[in-house]
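# Coordinate analysis (summary)
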Amino acid sequence: MQEKGLLIVLSGPSGVGKGTVRKEIFSHPDTAFEYSISMTTRLPREGEKDGVDYFFKSREEFEKLIRQGKLLEYAEFVGNYYGTPVDYVRQTLDAGKDVFLEIEVKGARQVREKFPEGLFIFLMPPSLTELKNRIVTRGTETDDIIHNRMLSAREEIEMMELYDYVVENDQVDLACERVRAIVTAEHCRRERVEHRYKKLLEVE
Ligand code: 5GP
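Criteria and cut-off values
- Residues numbered from 1 in each chain as written.
- Predicted model: local features only at pLDDT ≥ 70, side-chain atom pairs only at ≥ 80, totals over all residues.
- Heavy atoms only, no water.
- UniProt positions renumbered as here; feature names shortened; annotations may be inferred.
- 1 Å grid on protein atoms, 1.4 Å probe; cavity = no way out; pocket = protein on both sides within 12 Å on 5 of 7 lines; lining within 4 Å.
- Points joined across faces, edges and corners; volume = space filled by probe spheres on them.
- Helix = DSSP H or I, 4+ residues; strand = E, 2+ residues; numbered from the N terminus.
- Buried < 20%, exposed > 50% of the residue type's maximum accessible area, 1.4 Å probe, protein only.
- Pairing = 2+ DSSP bridges.
- Contact = heavy atoms within 4.5 Å.
- Axes fitted to C-alpha atoms, helices over the stretch in contact; angles between N-to-C directions.
- Near = heavy atom within 4 Å.
- Polar contact = N/O pair within 3.5 Å; in protein donor to acceptor, adjacent residues only side chain to side chain.
- Areas by Shrake-Rupley, 256 points an atom, 1.4 Å probe, with all protein chains shown as cover.
- Sits in = over half its atoms within 2 Å of the grid points.
- Nonpolar A, V, L, I, M, F, W, Y, C, P; charged D, E, K, R; others polar.

The name recorded for the protein in an unreviewed UniProt entry is Guanylate kinase, from Neobacillus rhizosphaerae. According to the UniProt record, the Subcellular location (unreviewed entry) comment for the protein is "Cytoplasm".

Given below as structure tokens:
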């Protein structure tokens, strides 16, 4: 029987650099996973191609896909729909290939519910690590600003609870290396591989 591929989900707060990290990962010659091209109702940006960067859809088309159950997850982000085509994901996993999703956090939560066995990686903004130190030592911000920044920092940190791994995006190349290392490690996880080795020990 064909072993299933791994569903890899890269997500994290808006503005953390998910797209940049994803593009860097896929520009690497050794990257062996398949990128799931999302559907969106937003207009193409300069240079973006339908079927390459996204499948660009009208709102009506997108809502029909929702009704038909064709999306593994979807979310509205800044006034536009974004979603992952479910057939592509399932067929690619069934063919034994790893599928990589780069999606925002509401969508990632839906995927976690449907694919709890997926590999969920939270990309963390580096600024957060130093935020507290800076705020405390600098002492120049008003109480309001400190309060608001700490609140949004806490919201971001709380979002990581659903994930298996946290990668800080302090430098794009380092973040990519960490993601790749996590995927490699996941492929060696005992639960995933033990049946192969147990089979070798079977005697007639
Ligand atoms: P952009 O419009 O800049 O390409 O993407 C906006 C946001 O949508 C990014 O955070 C990106 O990760 C997210 N996104 C892209 N595709 C999907 C998708 O299929 N589902 C969800 N939930 N978010 C997506």
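After that view, the rundown keeps rolling.
As a volume, the largest pocket reaches approximately 660 Å³. For the lining of the largest pocket, the secondary structure elements donating two or more residues are helix 1 (18-26), strand 5 (71-77) and strand 6 (80-85). When residues of the lining of the largest pocket are assigned to their parent elements, the largest contribution, 4 residues, is made by helix 1.

A positive phi angle, close to 45 degrees, is found at Val78, a residue other than glycine. For Val78, a relative accessible area of 70% corresponds to the exposed category.

Looking now at the sheet that holds strand 8 (residues 119-124). The strand order across the open sheet built from 5 strands is 2-7-1-8-9, with neighbouring strands paired in parallel fashion. Looking at strand neighbours, the two that pair on one side only are strand 2 (34-35) and strand 9 (165-168), the edges of this open sheet. On top of the sheet, helix 1 reaches strand 1 (7-11), strand 2, strand 7 (99-102) and strand 8; it is set at about 155 degrees to strand 7, its chief contact. Packing of helix 3 (residues 86-94) onto the sheet brings it into contact with strand 1, strand 2 and strand 7, and relative to strand 7 it is tilted by some 150 degrees.

Attention now goes to the site of the ligand. Close to the ligand lie 15 residues; Ser38, Arg42, Tyr54, Tyr82 and Glu102 are nearest. Here Glu73 contributes a side-chain N or O atom positioned 2.7 Å from a nitrogen atom of the ligand. The fraction of the free accessible surface of the ligand (510 Å²) that becomes covered by protein chains is 88%. Of the pockets mapped on this structure, the ligand occupies the largest pocket. Of all the secondary-structure elements, those providing two or more residues to the shell around the ligand are strand 5 and strand 6. Residues of the shell around the ligand, tallied by class, amount to 5 nonpolar, 4 polar and 6 charged.

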